[in-house]
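The chain contents come next:
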Amino acid sequence: SFAQWAADALAGQSSPQLLFVDGVNPVFTAPPAWQIREALEKVPYIVSFSSFLDETSTLADLILPDHSFLESWMESVPESGVGVAVANVSPAVMRPLYATRATPDVLLDIGRRLKRPLNLPWQNFEEMLTASFKTLPSGTPGADVWADAQSKGMWSGELPPALERAPSTPAGVPPALSYEAPRFDGDADEYPFHFLPYPSSTFFDGSL
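Being a predicted model, the structure only gives us computed values, none of them experimental. (Residues numbered from 1 in each chain as written. Predicted model: local features only at pLDDT ≥ 70, side-chain atom pairs only at ≥ 80, totals over all residues. Heavy atoms only, no water.)

Participant: What is the right way to look at the overall build of the protein in this model?
Facilitator: In terms of regular secondary structure, the protein is built from 6 helices and 6 strands. Helices and strands in the protein line up, N terminus first, as α-β-α-α-β-β-β-β-α-α-α-β. Considering only intrachain contacts with a sequence separation of at least 6, the fraction spanning at least 24 residues in the protein is 50%. Element-wise, carbon and sulfur atoms account for 59% of the exposed surface of the protein, whose accessible area totals about 15300 Å². (Helix = DSSP H or I, 4+ residues; strand = E, 2+ residues; numbered from the N terminus. Contact = heavy atoms within 4.5 Å. Areas by Shrake-Rupley, 256 points an atom, 1.4 Å probe, with all protein chains shown as cover.)

Participant: I keep staring at helix H6 (residues 145–152) and nothing clicks. Help me out?
Facilitator: Note that an α-helix has 3.6 residues per turn; residues three or four places apart therefore point the same way. Along H6, the residues that are buried comprise Val145, Trp146, Asp148 and Ala149. On an axial view of H6, the arc spanned by its buried residues comes to 165°, and they lie on one face. With a side-chain oxygen lying 3.2 Å from the backbone nitrogen of Trp146, the N-terminal cap of H6 falls on Asp144. At the C-terminal side of H6, Gly153 shows a positive phi close to 80°. (Buried < 20%, exposed > 50% of the residue type's maximum accessible area, 1.4 Å probe, protein only. Arc of directions from axis to C-beta. Polar contact = N/O pair within 3.5 Å; in protein donor to acceptor, adjacent residues only side chain to side chain.)

Participant: Please clarify how unusual backbone geometry should be interpreted in this entry.
Facilitator: Located in the positive-phi region is Gln35, a residue other than glycine, with phi close to 60°. Looking at where Gln35 falls in the secondary structure, it is placed in the loop between helix H2 (26–29) and helix H3 (36–40). By relative accessible area, which is 37% here, Gln35 ends up partly exposed. Residues other than glycine seldom take positive phi values, yet Asn119 does so here, at roughly 55°. Tracing the sequence through the fold places Asn119 in the loop between helix H4 (103–113) and helix H5 (125–133).

Participant: Can you help me understand the pairing of strand S5 (residues 85–90) in this one?
Facilitator: Side-chain positions along a regular strand alternate between the two faces of the sheet. In this structure, strand S4 (residues 74–76) lies alongside S5, joined through 3 bridges in antiparallel fashion. Across the sheet, Ser76 pairs through a bridge with Asn88, a residue of S5. Pairing of S5 with strand S6 (residues 154–157) involves 4 bridges; the strand directions are antiparallel. Paired with Ala85 across the strands is Gly157, a residue of S6. (Pairing = 2+ DSSP bridges.)

Participant: It is not clear to me how the packing of aromatic side chains should be interpreted in this structure. Could you clarify?
Facilitator: To describe a pair of aromatic rings, you give the distance between the ring centres and the angle between the ring planes. Applying the stated criterion across every chain, the model contains 3 aromatic pairs. Consider the rings of Phe20 and Phe49, whose centres lie 5.8 Å apart with planes at 65°: the pair is edge-to-face. Of the two residues, Phe20 is situated in strand S1 (residues 18–21) and Phe49 in the loop between strand S2 (45–48) and strand S3 (62–63); the sequence distance between them amounts to 29 residues. Three or more aromatic residues link up through ring pairs in this structure, and these residues are Trp73, Phe133 and Trp146. (Phe/Tyr/Trp six-rings, centres within 6.5 Å; stacked < 30°, edge-to-face > 60°.)

Participant: In this structure, what is going on with the sheet that holds S3? I would like to understand it.
Facilitator: Adjacent strands of a sheet pair through backbone hydrogen bonds, lying either parallel or antiparallel. Overall, parallel pairing links the 3 strands, which are arranged S1-S2-S3 in an open sheet. Each edge of the open sheet carries a strand with a single partner, namely S1 and S3. Pairing between S1 and S2: 4 bridges, direction parallel. Paired with Phe20 across the strands is Val47, a residue of S2.

Participant: I'm lost on the pattern of salt bridges in this one. Help?
Facilitator: Pairing is possible between side chains of opposite charge, provided their charged atoms come close. On inspection of all chains with the given rule, the structure shows 5 salt bridges. Linking Asp109 and Arg101 is a salt bridge whose minimum nitrogen-to-oxygen distance equals 3.4 Å. Its relative accessible area of 38% is what places Arg101 among the partly exposed residues. Here Asp148 and Lys152 are joined by a salt bridge, their closest N and O atoms 3.3 Å apart. Separated by 4 residues within a single helix, Asp148 and Lys152 lie in helix H6, roughly one turn from each other. Three or more residues joined by partner-sharing salt bridges are found here, namely Arg101, Asp109, Arg112 and Arg113. (Salt bridge = Lys/Arg side-chain N within 4 Å of Asp/Glu carboxyl O.)

Participant: Quick question: what am I supposed to make of a nonpolar patch on the surface here?
Facilitator: A cluster of nonpolar side chains, Leu18, Phe20, Tyr45, Leu62, Leu107, Ile110, Leu114, Leu118 and Leu120, forms an exposed patch at the surface whose accessible area comes to about 720 Å². Every element with two or more residues in the nonpolar patch is listed here: S1 and H4. Residue position: Leu62 is located in strand S3. Classification of Leu62 by relative accessible area gives partly exposed; the value is 32%. (Patch = residues over 30% accessible without salt bridge, like charges linked within 9 Å, V, L, I, M, F, W, Y side chains within 5 Å.)

Any functional reading would require information that these geometric values do not contain.
Structure representation (structure tokens):
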């Protein structure tokens with residue numbers, strides 16, 4: 001967690017020499033008691049892929065702005081909830097307006113330039129997505145899985161055994177949890193409504 005990493009860094013138990021920051025702004029969103037800013041200031045070199053000068057990217061030594069979500073390939077593997085695996089994919093709908101670059105392309109390029117190159121087989125993120133989707137079974141009989149996923153914007157189906165992830169239990173959590181129905185105080189006739197606060201895509205956790 002951010003809190004544990006910051007505590008280790010401030011205690012001298014963790015000393016990363018390089019940190020990539022992508023899609024998060026922990027200096028703003030984390031509680032001040034976690035001392036994220038103070039921990040980041042101990043990292044010798046920080047690279048941010050943010051498109052905005054937010055509280056975290058202002059601490060970066062190098063800023064490599066990512067494309068907007070309309071300018072690059074987008075993919076996600078959400079929690080399905082329907083008994084089958086789901087993967088979403090969508091191409092760029094416009095050309096980049098400014099001198100930005102997709103973060104996955106930057107990382108692939110870095111992998112080739114290392115003193116000991118990673119020798120990854122893909123030249124860009126599109127090639128990586130294509131190869132990844134082609135390992136999945138086609139959701140439409142006789143159709144090319146990559147072309148089918150692009151036309152639908154998603155793929156769903158049963159994962160091959162080689163791609164299934166073994167279930168993991170977070171540290172400190174017992175493997176078997178029992179469910180208990182919620183209990184509410186007060187007379188249901190007098191208090192017929194329940195307030196259920198939740199983070200939203202608009203206001204997140206309410207800190208904005």
